[in-house]
Amino acid sequence: MSAPSPYAARLERIPRRGREVDVLGSRTHLVEYGPEDAERTVVLVHGFRGDHHGLEPVVAYLPEFRILSPDLPGFGLSAPLVGRPHDIASYATWLDALLQELGVRGQATVLGHSFGSIVASAAIASGTPTPRLVLVNPIGAPALSGPRGILTRLAVAFYRAGAALPSRLGFAVLRSRAVTRIMSVTMAKTRDRELRRWIHAEHDRYFSGFATRDMLLEAFRASVSHDVSEFAASVAVPSLLVAAADDDITPIARQRELVTLFPEARLVEIPDVGHLIHYETPEAAATAIREFLA
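Here the structure is a predicted model, which is why all the values come from computation and not from measurement. Chains are numbered independently. Their residues run from 1 in the order of the written sequence. Restriction of local features to residues with pLDDT of at least 70 applies here, the model being predicted, together with a cutoff of 80 or more for giving and counting side-chain atom pairs; totals for whole chains, interfaces and linings are based on all residues. Where side-chain values are given, they derive from all heavy atoms of the structure, hydrogens and water being excluded.

A. Up close: the packing of aromatic side chains. In summary, the pairing rule links any two rings of Phe, Tyr or Trp, Trp by its six-membered ring, whose centres are within 6.5 Å, and it sorts them by plane angle into stacked for under 30 degrees, edge-to-face for over 60 and tilted for everything else. Throughout the structure, instances matching the rule amount to 11 aromatic pairs. Note on Tyr7 and Trp198: the rings are 5.5 Å apart at their centroids and 75° apart in plane angle, and the pair reads as edge-to-face. Note that Tyr7 is positioned in the segment before helix H1 (8–12) and Trp198 in helix H8 (residues 193–206), a separation of 191 residues in sequence. Type-normalised accessible area, obtained with a 1.4 Å probe on protein chains alone, sets the label of each residue: buried when under 20%, exposed when over 50%, and partly exposed for intermediate values. You can call Tyr7 buried: its relative accessible area is 8%. Looking at Trp198, the relative accessible area reads 3%, which means it is buried. Judged by centre distance (5.7 Å) and plane angle (85°), the rings of Tyr91 and Phe115 are edge-to-face. Of this pair, Tyr91 sits in helix H3 (residues 88–102) while Phe115 sits in helix H4 (residues 115–125), and the two are 24 residues apart along the sequence. Each member of the pair, Tyr91 as well as Phe115, is classed as buried. Sitting over the ring of Phe292, Arg132 keeps its end group 4.8 Å from the ring centre. A cation over a ring is seen here: Arg175 above Phe210, with NZ or CZ 4.5 Å from the ring centre. To qualify as a helix, a DSSP run of H or I must reach at least 4 residues; to qualify as a strand, a run of E must reach at least 2; elements of each kind are numbered from the N terminus. Two thresholds decide whether a charge sits over a ring: the Lys NZ or Arg CZ must be within 6 Å of the ring centre and within 35 degrees of the ring normal.

B. Region of interest: the sheet that holds strand S7 (residues 239–244). Paired strands, as defined in this entry, are two strands with at least two bridges between them according to DSSP. Read across the sheet, 8 strands follow the order S1-S2-S4-S3-S5-S6-S7-S8 without closing on themselves; strand pairing throughout is mixed. Among the strands making up the open sheet, the edge pair consists of strand S1 (16–23) and strand S8 (265–270). Recorded for the sheet is a direction-independent mean angle of 20° between the axes of neighbouring strands. Residues are treated as being in contact if the distance between any of their heavy atoms lies within 4.5 Å. Note on definitions: angles span 0 to 180 degrees between N-to-C directions of axes, and those axes are lines fitted to C-alpha atoms, for helices only across the stretch in contact. Across the sheet, H3 is in contact with S1, strand S2 (26–33), strand S3 (41–45), strand S4 (66–70) and strand S5 (109–113); its angle to S1 comes to roughly 115°. Seen against the sheet, H4 touches S3, S5 and strand S6 (133–136) and runs at an angle of roughly 145° to S5.

C. Just the packing of helix H7 (residues 177–187) against H8, in detail. Close contact between H7 and H8 brings their axes to 9 Å; oriented N to C, the two are set at 140°. By the angle between their axes, H7 is oblique relative to H8. As H7 runs across H8, the sense of the crossing is right-handed. Touching Arg177, Thr180, Arg181, Met183, Ser184 and Val185 of H7 are Arg196, Ile199, His200, His203 and Asp204, all from H8. Relative orientations are named as follows: roughly parallel for angles under 35 degrees, roughly antiparallel for angles over 145 degrees, roughly perpendicular for angles from 65 to 115 degrees, and oblique for any other angle. By convention, the crossing between two helices is left-handed when the near helix turns anticlockwise from the far helix through less than a right angle, and right-handed when the turn is clockwise.

D. Highlighting the pairing of S7. S7 sits mainly inside the fold: 6 of its 6 residues count as buried. Here S6 pairs with S7 via 4 bridges, running parallel. Following the sheet pairing, Val136 is matched in S7 by Val242. Both S7 and S8 contribute to a ladder of 6 bridges, which runs parallel. Across the sheet, the residue bridging to Leu240 is Arg266, located in S8. On the question of chirality, the crossover connecting S7 to the parallel S8 by way of helix H10 (residues 252–258) is right-handed. With the strands aimed away from the viewer, a crossover counts as right-handed if its path from the first strand over the helix to the second runs clockwise.

E. Spotlight on unusual backbone geometry. Its identity is not glycine, yet Arg49 carries a phi of approximately 65°, on the positive side. Take Arg49: it is sitting in the loop between S3 and helix H2 (56–60). Notably, Asn137 is not glycine yet its phi reads approximately 50°, a positive angle. Position of Asn137 relative to the elements: it lies in the loop between S6 and helix H5 (149–164). For Asn137, a relative accessible area of 0% corresponds to the buried category.

In structure tokens:
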């Protein structure tokens with residue numbers, strides 16, 4: 001029996017509409033939440049190997065907003081990019097084109113989580129207009145350097161092997177439940193057993209929704225080859241960083257340095273949580289977002 005979502009009741013009260021749009025010649029799956037005539041619109045950019053489901057707990061605490069949550073190209077129900085590598089520049093171009101297609105370019109707040117924080121900040125730094133930028137669990141340090149460099153290189157080797165193996169075996173390796181569970185157990189910090197069960201079930205359900213092995217390898221290389229600090233100085237809009245005190249991917253000390261690189265930014269630190277703010281403390285994240293946008 002799958003673990004029940006602790007956020008389901010709140011989410012069920014929010015209007016939800018799914019649709020598909022053509023962006024840069026490929027199909028992007030999108031879910032729209034909240035009232036269509038809401039005063040404020042927020043566009044979400046999810047993390048690596050996720051899809052729109054991942055940020056639904058945060059959506060559950062923001063019922064008054066119109067929220068547009070696409071699956072990144074190659075993930076969830078979205079098709080891969082056509083004729084473009086799945087790198088940061090291409091994802092940033094896709095985000096700009098998506099905002100234009102949806103008619104919210106320059107009007108909607110952009111929110112990126114984890115890998116999505118890199119994509120969002122890269123897009124805004126390269127000229128995509130938005131009134132405000134929100135980064136949740138921002139990736140603020142190079143993954144290929146420092147004490148995590150060896151582990152990151154091992155992960156690159158894992159994804160490279162998954163792409164090189166015969167198709168059936170390669171997909172089996174990359175979609176291994178054991179690998180997913182190790183990742184999930186490592187990142188979850190909550191001591192609530194039911195919440196941990198649900199987090200693991202969510203990763204089991206959605207962490208393997210990628211289109212091809214090659215695009216997954218490209219996207220992973222992009223995720224570990226860049227970080228938000230590359231783009232921060234060129235983000236010329238008010239920005240909010242929602243960081244976790246116990247984040248293993250970007251330590252809180254680094255987040256405190258990162259916020260100083262933006263021309264205008266504030267940092268909200270959430271205690272007793274790691275890289276899964278969106279799963280473990282979505283209400284605290286939503287409160288910070290609401291106050292920032294107010």
